[in-house]
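Report on the structure
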Amino acid sequence: AYLSQVCPSIKIACLSCAHLPRLEMEAVMKETASYGVPLVLATRGEEGSCALYGGRLTIVPALPAEKVLDTMGAGDSYLAALLCELLKASPAGALLEGDLTALLPAAMEKAGSFAAKVCGMEGAFGCGIPIAGRTELEEWEKMKPKEVGG
């Protein structure tokens, strides 16, 4: 019901699909496109990203992150970088101008690279704040499973 209400009003959808097996992800992307969304993106965390455009699925593997401190904002960063690439490639400044088939893989790779860098920032926006209990959490993570919780 959610997709049928939202999708007719949008031109680009970006779905977080890291939790879905590939076939389920593809089914959700196709359903989203069936409501008239020309470009459907799916972020998959360590698995990279996918785009469904013109009935064709493009898959771009993730680039390794140098370090991962916080994944908050990675999907938003991915989408922002991809939209910037689409705008840069458009003479008229339109997101969906012309055939994007040849442009999408490079734009997706650049967006994935940016998202990987964002994962290395505490707070995801470069304004990280100390997290209360972080030292204790690090010590907790070193404990043997039988010591956790009792």
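See the structure printed just above.
Throughout, a residue's number is its position along its own chain's written sequence, starting from 1. With pLDDT at 70 or above as the cut-off, local features in this predicted model cover only qualifying residues; side-chain atom pairs require 80 or more to be listed or tallied, and sums for whole chains, interfaces and linings still use all residues. Where side-chain values are given, they derive from all heavy atoms of the structure, hydrogens and water being excluded.

**A few points about the overall build of the chain**
Put simply, the rule reads: By the criteria applied, helices consist of DSSP H or I runs no shorter than four residues and strands consist of E runs no shorter than two, each listed in order from the N terminus. Exposure categories follow from relative accessible area, calculated using a 1.4 Å probe and restricted to protein chains: below 20% of the type maximum is buried, above 50% is exposed, and the middle band is partly exposed. In this analysis, two residues are considered to be in contact whenever any of their non-hydrogen atoms come within 4.5 Å of each other. A 1.4 Å probe and the Shrake-Rupley method give the accessible areas. Residues count as covered only by the protein chains that appear here.
Within the chain, the regular secondary structure consists of five helices and four strands. Listed by position from the N terminus, the elements making up the chain come as α-β-α-β-β-β-α-α-α. Counting every position in the chain, which comprises 150 residues, the buried fraction comes to 31%. Long-range pairs, those at least 24 residues apart, make up 61% of the contacts in the chain between residues at least 6 apart in sequence. Split by element, the accessible area of the chain, about 9,500 Å² in all, is 59% carbon and sulfur.

**Side note on the nonpolar core**
How we decide: As used here, the term nonpolar core means buried Ala, Val, Leu, Ile, Met, Phe, Trp, Tyr and Cys residues forming a set that is joined through side-chain atoms within 4.5 Å.
In terms of nonpolar packing, the biggest core is built from 18 residues, with Leu39, Leu82, Leu104 and Met108 touching the most fellow members. Elements that contribute at least two residues to this core include exactly β2 (39-43), β3 (49-53), α3 (74-89) and α4 (104-118). Among residues more than four places away in sequence, those in contact with methionine 108 are Ser49, Cys50, Ala51, Thr58, Val60, Tyr78 and Leu82. Formed by 13 residues, the second largest nonpolar core is a distinct cluster that contains Met25, Met29, Ala42 and Leu52.

**A look at the packing of α3 against α4**
Definition in use: Angles run from 0 to 180 degrees between N-to-C directions of axes, and those axes are lines fitted to C-alpha atoms, restricted for helices to the stretch in contact. Crossings are classed by handedness, with left-handed meaning an anticlockwise turn of the near helix from the far one by less than a right angle and right-handed meaning a clockwise turn. Side-chain classes follow a simple rule in which Ala, Val, Leu, Ile, Met, Phe, Trp, Tyr, Cys and Pro form the nonpolar group, Asp, Glu, Lys and Arg form the charged group, and the remainder, Gly included, forms the polar group.
Running from amino to carboxyl end, α3 crosses α4 at an angle of 145°, the nearest separation of the two axes being 8 Å. Remark: the crossing between α3 and α4 carries right-handed chirality. On the side of α3, the interface is formed by Ala74, Ser77, Tyr78, Ala81, Leu82, Glu85 and Lys88, while α4 contributes Ala107, Met108, Lys110, Ala111, Gly112, Phe114, Ala115 and Val118. When the residues that make up the contact of α3 with α4 are grouped by side-chain class, the tally is ten nonpolar, two polar and three charged.

**Comments concerning the pairing of strand β1 (residues 12-16)**
Filter applied, for reference: By the convention used here, strands pair only if DSSP detects at least 2 bridges between them. Seen with its strands pointing away from the viewer, a crossover is right-handed if its path from the first strand over the helix to the second goes clockwise.
Strand direction decides the pairing type here: β1 and β2, joined by five bridges, are parallel. For isoleucine 12, the partnering residue across the bridge sits in β2 and is leucine 39. Between the parallel elements β1 and β2, the chain passes through helix α2 (residues 22-34) in a crossover that is right-handed.

None of this, on its own, says anything about what the molecule does.
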